[in-house]
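As a plain string of letters, each chain reads:
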Amino acid sequence: MNARPASGAGLGFRRELIEPLKSGVPEAIRFFEVAPENWAGIGGKSARDLRHFSERYPFVCHGLSLSLGGPAPLDEALLQRIRSFMAEHGMTLYTEHLSWSGDDGHLYDLLPIPLTEKAVKWTVDRISRAQDTLGMRIGIENASYYVAPPGAEMSEGEFIGAIVREADCLLHLDVNNIHVNSRNFGFDALAFLDALPLERTAYVHVAGHHVEPDGLLIDTHGAAVIDPVWSLLEAAYQRIGPVPTCLERDFNIPDLQQLTAEVEIIARLQAATRQWKAA
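These notes cover the structure that comes with them. (Residues numbered from 1 in each chain as written. Predicted model: local features only at pLDDT ≥ 70, side-chain atom pairs only at ≥ 80, totals over all residues. Heavy atoms only, no water.)

### Examining the packing of aromatic side chains
To be explicit about the condition: Here a Phe, Tyr or Trp ring, Trp counted by its six-membered ring, pairs with any other such ring whose centre lies within 6.5 Å, and the pair is stacked when the planes are under 30 degrees apart, edge-to-face when over 60, and tilted otherwise. Only runs of H or I of at least four residues qualify as helices and only runs of E of at least two qualify as strands under DSSP, and these elements are numbered from the N terminus. Burial classes: relative accessible area under 20% of the type maximum marks a residue as buried, over 50% as exposed, and values in between as partly exposed (1.4 Å probe, protein chains only). Geometrically, a lysine NZ or arginine CZ counts as sitting over a ring once it is within 6 Å of the ring centre and also within 35 degrees of the ring normal.
Tallied over the entire structure, the rule returns 10 aromatic pairs. On the numbers, 6.0 Å between centres and 70° between planes, the contact of F32 with F53 is edge-to-face. Pair noted here: F32 is in strand 2 (residues 31-34) and F53 is in helix 3 (residues 44-54), with a separation of 21 residues, a long-range link. The pair formed by F32 and F53 is uniform in burial state, with each residue classed as buried. Between F32 and F59, the aromatic rings sit 5.5 Å apart at their centres with planes inclined by 40°, giving tilted as the arrangement. Of this pair, F32 sits in strand 2 while F59 is found in strand 3 (residues 59-62), placing the two residues 27 residues apart along the sequence. Linked through ring pairs, F13, F32, W39, F53, Y57 and F59 together constitute an aromatic cluster. Just above the ring of W39 sits the side chain of R15; from NZ or CZ to the centre is 3.9 Å.

Structure (structure tokens):
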């Protein structure tokens, strides 16, 4: 299939939304995102449904389990499946979390990587091998976390910057993750944003989260985006321009109309950024 780069505002492609989307994709939704672990190699109706949309719209491939910072051997078989899946559907961008999620088995959680020189070298090597296998530069996403790993030798911004430069990869910016971490660990979200290698930003996520009774924020992708996160997205656009941005919603999925209203906010912020930069 011919390559279809993403642009504008997009939405996570969920099975619950397929039938409403078949009735008509709202104009604001310019692309979709899928996790290859959930779609690569499937057959039957699900495969036909995905093909129906990937023939008409760009798709971004966002991984969940490659465990770029983990101790287990890099899953080369998964990477080969992802490469074939992306080629089959004309996808041009693959991103993954800057975290680890497996050792002897998959841990079903995204765990933070120690902020050390040794971890930089380890992770850079794995990203480089992933890029060689996929035949493209990948985007790494700043992750949410709930326990800061000990023994830090640098800030998280320095850590991400070192990895992006040394691996020659791209940045996948998640503004909700910045907000969640800043609230949980008491740092300034804008200062963190400015510490990132923003010039390498290829893709952006925005999402909602859950607040525990004790005030802890949990990155659930199960609620509407709140105003401080929209403001952080707007601040990001002022620095990087209207980079392709996906609304994540993984459960408590409302109807397509409600999701579209949030995608339209992304599109409006992108349009305002274009006007501001043109002025």
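### Section: the sheet that holds strand 3
Defined as follows: Pairing between strands is defined by DSSP: at least two bridges between the two strands are required. In this analysis an axis means a line fitted to C-alpha atoms, helices contributing only their contacting stretch, and an angle means the value between N-to-C directions, from 0 to 180 degrees. Contacts are residue-level and defined by heavy atoms, with any inter-residue pair within 4.5 Å sufficient.
Strand order in the closed barrel made by the eight strands is 1-2-3-4-7-8-9-12, with parallel pairing throughout. Taken over all neighbouring pairs, the strand axes of this sheet differ in orientation by 30° on average, direction set aside. Where strand 3 lies against strand 4 (residues 94-97), two bridges are found, and the strand directions are parallel. Paired with H62 across the bridge in strand 4 is T95. Its contacts with the sheet put helix 4 (residues 76-89) on strand 2, strand 3 and strand 4, and the angle it makes with strand 3 is roughly 170°.

### Here's the deal with the packing of helix 7 (residues 175-185) against helix 9 (residues 227-240)
Put simply, the rule reads: Here is the rule for angles: anything less than 35 degrees is roughly parallel, anything more than 145 is roughly antiparallel, 65 through 115 is roughly perpendicular, and the remaining ranges are oblique. Take the far helix as your reference; a near helix turned counterclockwise from it by less than a right angle gives a left-handed crossing, and one turned clockwise gives a right-handed crossing. Nonpolar residues are Ala, Val, Leu, Ile, Met, Phe, Trp, Tyr, Cys and Pro. Charged residues are Asp, Glu, Lys and Arg, and all others, Gly as well, are polar.
Relative to each other, helix 7 and helix 9 sit at 125°, their axes nearing to 9 Å. When the axes of helix 7 and helix 9 are compared, the pair comes out oblique. Crossing of helix 7 against helix 9: the hand is right-handed. Across from V175, N176, I178 and H179 in helix 7, the residues of helix 9 making contact are P228, V229, L232, L233 and A236. Tallied by class, the residues present in the contact of helix 7 with helix 9 amount to seven nonpolar, two polar and no charged.

### Details of helix 7
Of all 11 residues that make up helix 7, eight are buried, and the element is covered over most of its length. When we look at burial in helix 7, the residues that qualify are V175, N176, N177, I178, H179, V180, N181 and S182. Buried-residue contacts for helix 7 involve strand 7 (139-141), strand 8 (170-174), helix 8 (189-195), strand 9 (201-207), strand 11 (217-218) and helix 9. Once helix 7 finishes, G186 follows within two positions and takes phi at roughly 70°, a positive value.

### Brief notes about the pattern of salt bridges
To keep it simple, the criterion reads: What makes a salt bridge here is a side-chain nitrogen of Lys or Arg within 4 Å of a carboxyl oxygen of Asp or Glu, nothing more.
For the structure on display, the rule yields 12 salt bridges. Of the charged contacts in the structure, one is a salt bridge between K45 and D49, with a shortest N-O distance of 2.8 Å. One end of the pair, K45, and the other, D49, are both in helix 3, four residues apart, so they sit about a helical turn from each other. Take K45: its relative accessible area is 45%, and that puts it in the partly exposed class. D49 gets classed as buried once you look at its relative accessible area, which sits at 7%. Salt bridges sharing partners connect three or more residues here, namely E19, K22, K45 and D49.

### Quick word on the nonpolar core
Selection criterion: The definition of a nonpolar core used throughout is a set of buried Ala, Val, Leu, Ile, Met, Phe, Trp, Tyr and Cys residues joined through side-chain atoms within 4.5 Å.
Ranked by size, the top nonpolar core spans 72 residues in total, and within it F13 and L173 carry the most contacts. Ranked by the residues each element gives to this core, the list is headed by helix 9, at eight residues. When near neighbours in sequence (up to four residues on either side) are disregarded, F13 contacts I18, L21, F32, E33, V34, W39, D49, L50, F53 and F59. If you look at the next biggest cluster of nonpolar residues, it comprises six residues, including F31, V60, L170 and C246.

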